[in-house]
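Report on the structure
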Amino acid sequence: MLSKIFLLKRKNSHDLNRFDIYSYPEDIVKKGNKDIVSKIIYGHDHGSLIEPCSESIKKLDDSNVINNSSNLFEIGSPIPQIIGDQNIYTICINSKMLIGLIFEKEDNPFDYKEIFEDLSNELLNTEKSCSFEDEMEIENFLITLFIDIKRYGDEILEKVTETSFRPAGLFTKVFLFGIDEVGKSSLTRRLKTGQFNDNFFTPTRKFNIEYLQKKEGGMSLWDMPGQALFRKKWLIGLQDSNIIVYMIDIANQLRFEESKKEFWDIITRNGIKDIPLLILGNKVDLINNLNHDKKEPLERTKKEIIEFFKFDKLANRKWEFLFTSVKTNYNIEKLINSIFTLISTIN
Ligand SMILES: Nc1nc2c(ncn2[C@@H]2O[C@H](COP(=O)(O)OP(=O)(O)OP(=O)(O)O)[C@@H](O)[C@H]2O)c(=O)[nH]1
Ligand SMILES: [Mg+2]
């Protein structure tokens, strides 16, 4: 099973030894293995008799045929290498960068040869290309590649046996959006660590992406930045999502109108009409702090929210509304359940 992906990008073309390192979902450089990067590059170049990644750059700079005649990326063949107990598969891009996959020890990297080459090519040369200049763009590229390769491994290679209602290990992309301060990152943190902290308030600026393993399967949770300035990034994060989670701060009615506008702007986009939707009315502790479970007033509030936001106009889309409190943990388990149940209805 694929466990990590990384990208090594040379800081500049004159210095062959200094690299920017990006990795997902965890760092590849840990204390005690600082020289892993040079080992990976050395391993790649020695495994590859045809195209040493760190040396051919000089040649390419002289005869820059491919780069000049078209903007296509040149993608090498993947090279398997074992470093320590790490099972690594690296591919060279434009003789300037290495993309690497790290598998579990028992995996055979050659099973992933075609998918690694094809997807790299597809993402870089046929879809909207990555310039590798912007950190967020690089992260987005790496995560997309990771998710697709992992999905291939889980679904095609492992041929997982059926459990309850979903195949175990299936990778689900959850797109979590909503205006600022509704509690998206608090939820992400609650799901990742089980913790909530009133003083933890850092407006999200980039995508905050967490990989969570739940009993129903693996999930990458894309927590979007909610401030107006960053909302244009939502469309990038939305790509290939399996479920959309939309969060409202129900205690802040002054911002309902703004929230509603942003919601309909995203939800009416082309190509996502079949993606199921989970709507979270968060901070229920603030409107109903004496007793969440008093069903009647909550039912009335729910009806009012549905009317105000016009959720009843969602037509045939599968959707569900849940009150939550990230603070008191109210309905947090249930929302995970709802995510997997909603997805299972469209498979
Ligand atoms: N009372 C209460 N406060 C909450 C709850 N969830 C989050 N908060 C608080 O709401 C504030 C904003 O939370 P964040 O999780 O940072 O909000 P966000 O939606 O990620 O904001 P952006 O990153 O700017 O989009 C923080 O002070 C949280 O402690 C909740 O369920 N109840
Ligand atoms: Mg946030």
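Quick caveat: nothing in here was measured; it's all calculated off a predicted structure.

Along its length, the chain carries 11 helices and 11 strands. In the chain, which comprises 347 residues, the proportion classed as buried is 31%. Within the chain, contacts between residues separated by at least 24 positions form 64% of all contacts whose residues are at least 6 apart in sequence.

As a further point, take the sheet that holds strand β9 (residues 243-249). Read across the open sheet, the 6 strands follow the order β7-β8-β6-β9-β10-β11; overall the sheet is mixed. In the strand order of this sheet, the two ends are held by β7 (208-214) and β11 (319-323), each with one partner. The mean angle between the axes of side-by-side strands here comes to 20°, regardless of whether they run parallel or antiparallel. With 6 bridges connecting them, β9 and strand β10 (residues 277-282) associate as parallel partners. In the sheet register, I244 faces β10, and the bridge partner there is L277. Contacting β6 (171-177), β7 and β8 (217-223), helix α5 (residues 135-157) runs over the sheet at an angle of about 145° to β6.

Time to look at the site of ligand 1. Around ligand 1, the structure places 22 residues, and the nearest of them are G183, S185, S186, T204 and G226. Breaking the shell around ligand 1 down by element, the ones donating at least two residues are α6 (184-193) and α9 (284-287). Its residues assigned to classes, the shell around ligand 1 shows 7 nonpolar, 8 polar and 7 charged.

With 83% of its residues at a pLDDT of at least 70, the chain reaches an overall mean of 83. Model confidence for the chain, summarised as mean pLDDT per element, is weakest for helix α3 (residues 65-69) at 43 and strongest for β10 at 98. Below a pLDDT of 50 lies the segment residues 56-69, which in the model reaches 9 contacts outside its immediate sequence neighbourhood of four places, other chains included. Segment residues 160-169: pLDDT under 50, and 16 contacts once partners within four positions in sequence are set aside and those in other chains are kept.

Bringing the environment of N316 into the picture now. Here N316 shows up in the loop between α10 (295-309) and β11. Judged by the 7 C-beta atoms lying within 10 Å of it, N316 falls in the exposed class. Each C-alpha atom, one on N316 and one on P276, is 9.8 Å from the other, the two residues being 40 residues apart in sequence.

Reading the values: rules and limits
Residues numbered from 1 in each chain as written. Chains lettered and ligands numbered in written order. Predicted model: local features only at pLDDT ≥ 70, side-chain atom pairs only at ≥ 80, totals over all residues. Helix = DSSP H or I, 4+ residues; strand = E, 2+ residues; numbered from the N terminus. Buried ≥ 20, exposed ≤ 12 C-beta atoms within 10 Å, placed from the backbone. Contact = placed C-beta atoms within 7 Å. Pairing = 2+ DSSP bridges. Axes fitted to C-alpha atoms, helices over the stretch in contact; angles between N-to-C directions. Near = placed C-beta within 6 Å. Nonpolar A, V, L, I, M, F, W, Y, C, P; charged D, E, K, R; others polar. pLDDT = per-residue confidence, 0-100.

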